[in-house]
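Here is what each chain is made of, one letter per residue.
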Amino acid sequence: MMIPTAAGPIARDDLRVEFEIKEEDMAFSVACKWFHDKEEVRRDVWVNMKCGLDATTQQGKIGG
Amino acid sequence: MANSTAVCDSFKEELMQGFHVFEGVNPARTANTVDVFKGALYTTAGSVGAGTTAYSASNEVSHANYTAGGNAITNGNTIGLASNTAYWTPSASLSWTTVSFTTDCLLIYNSSQNDRAVASFNFGTQTVTAGNFTLTMPTHASGTGLIRIA
């Protein structure tokens, strides 16, 4: 299977995948990083919003 | 000034003025249709936040597979009311396919009402490279809904 990348389609077996998970105040994210040799050629990102905003609370605060 | 998380001040005022209709009809308006809301992404150089009154292309992300103005939001959830809190949440994720950009902010705005701003969400700096970017919405509930009025 060929994977579309910034360097053009590359065979899946020639790619190494790393996952990076980050947590922010209001979201956590998962980045799927695709490497060809040592070069990152593709990165997919999923951001999951943990919760939204309460319009009646102080700006910049989340949850509550 | 950086991007920040906020329900826009203008939106609070405009709620009272009846500009935004997330569900059903408003007899005070000529057009009794549900408004179309959109989500646009901004670079880390933006200053989107409480003071934002409308969508602007300034500092919006740019890519061949990203349409300026962002994507329409799927608005299939019923407005919720529980525990003294009214809440609204998009009913589907926002996603962009095969894009490259760095972003840290989503602005939700009302494209049916002169692109009036609703709320901005800073989710931390995210870089996408020739890949897919997906924003998954929180659970549609009184404690987690994307926009809540308690």
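Residues numbered from 1 in each chain as written. Chains lettered and ligands numbered in written order. Predicted model: local features only at pLDDT ≥ 70, side-chain atom pairs only at ≥ 80, totals over all residues. Heavy atoms only, no water.

Visitor: Please explain the sheet that holds strand E6 (residues 53–54) of chain A as it appears in this structure.
Guide: Strands pair in a sheet through their backbones, by hydrogen bonds, and they do so in one of two ways: parallel or antiparallel. The strand order E6(A)-E8(B)-E5(B)-E4(B) describes an open sheet built from four strands, whose pairing is mixed. Among the strands making up the open sheet, the edge pair consists of E6 of chain A together with strand E4 (80–82) of chain B. Bridging between strand E5 (residues 85–88) of chain B and strand E8 (residues 147–149) of chain B involves three bridges; their strand directions are antiparallel. Counted as the bridge partner of Ala86(B) is Ile149(B) from E8(B). (Pairing = 2+ DSSP bridges. Helix = DSSP H or I, 4+ residues; strand = E, 2+ residues; numbered from the N terminus.)

Visitor: Sorry, what's going on with the packing of aromatic side chains here?
Guide: For any pair of aromatic rings, geometry is given as the distance between the ring centres together with the angle between the planes. Residues and elements named next belong to chain B. Enumeration according to the criterion identifies 10 aromatic pairs over all chains in this entry. Ring centres of Phe11 and Phe22 lie 6.1 Å apart, and the angle between their planes is 85°; this geometry places the pair in the edge-to-face category. In this pair, Phe11 is assigned in helix H1 (residues 9–17) and Phe22 in the loop between H1 and strand E2 (37–42), connecting sequence segments 11 residues apart. Overall, the relative accessible area of 12% leaves Phe22 in the buried class. Through successive ring pairs, a cluster of aromatic residues spans Tyr66, Trp96, Phe101, Phe123 and Phe133. (Phe/Tyr/Trp six-rings, centres within 6.5 Å; stacked < 30°, edge-to-face > 60°. Buried < 20%, exposed > 50% of the residue type's maximum accessible area, 1.4 Å probe, protein only.)

Visitor: So what exactly am I meant to see when it comes to the layout of surface pockets here?
Guide: In this approach, a probe sized like a water molecule rolls over the atoms, and the result shows the empty space that is left. Residue and element names in this part refer to chain B. Empty space within the largest pocket amounts to approximately 230 Å³. Put simply, the parts of the chain that give the lining of the largest pocket at least two residues each are H1, E5 and E8. Residue composition of the lining of the largest pocket, by class: nine nonpolar, no polar and two charged. (1 Å grid on protein atoms, 1.4 Å probe; cavity = no way out; pocket = protein on both sides within 12 Å on 5 of 7 lines; lining within 4 Å. Points joined across faces, edges and corners; volume = space filled by probe spheres on them. Nonpolar A, V, L, I, M, F, W, Y, C, P; charged D, E, K, R; others polar.)

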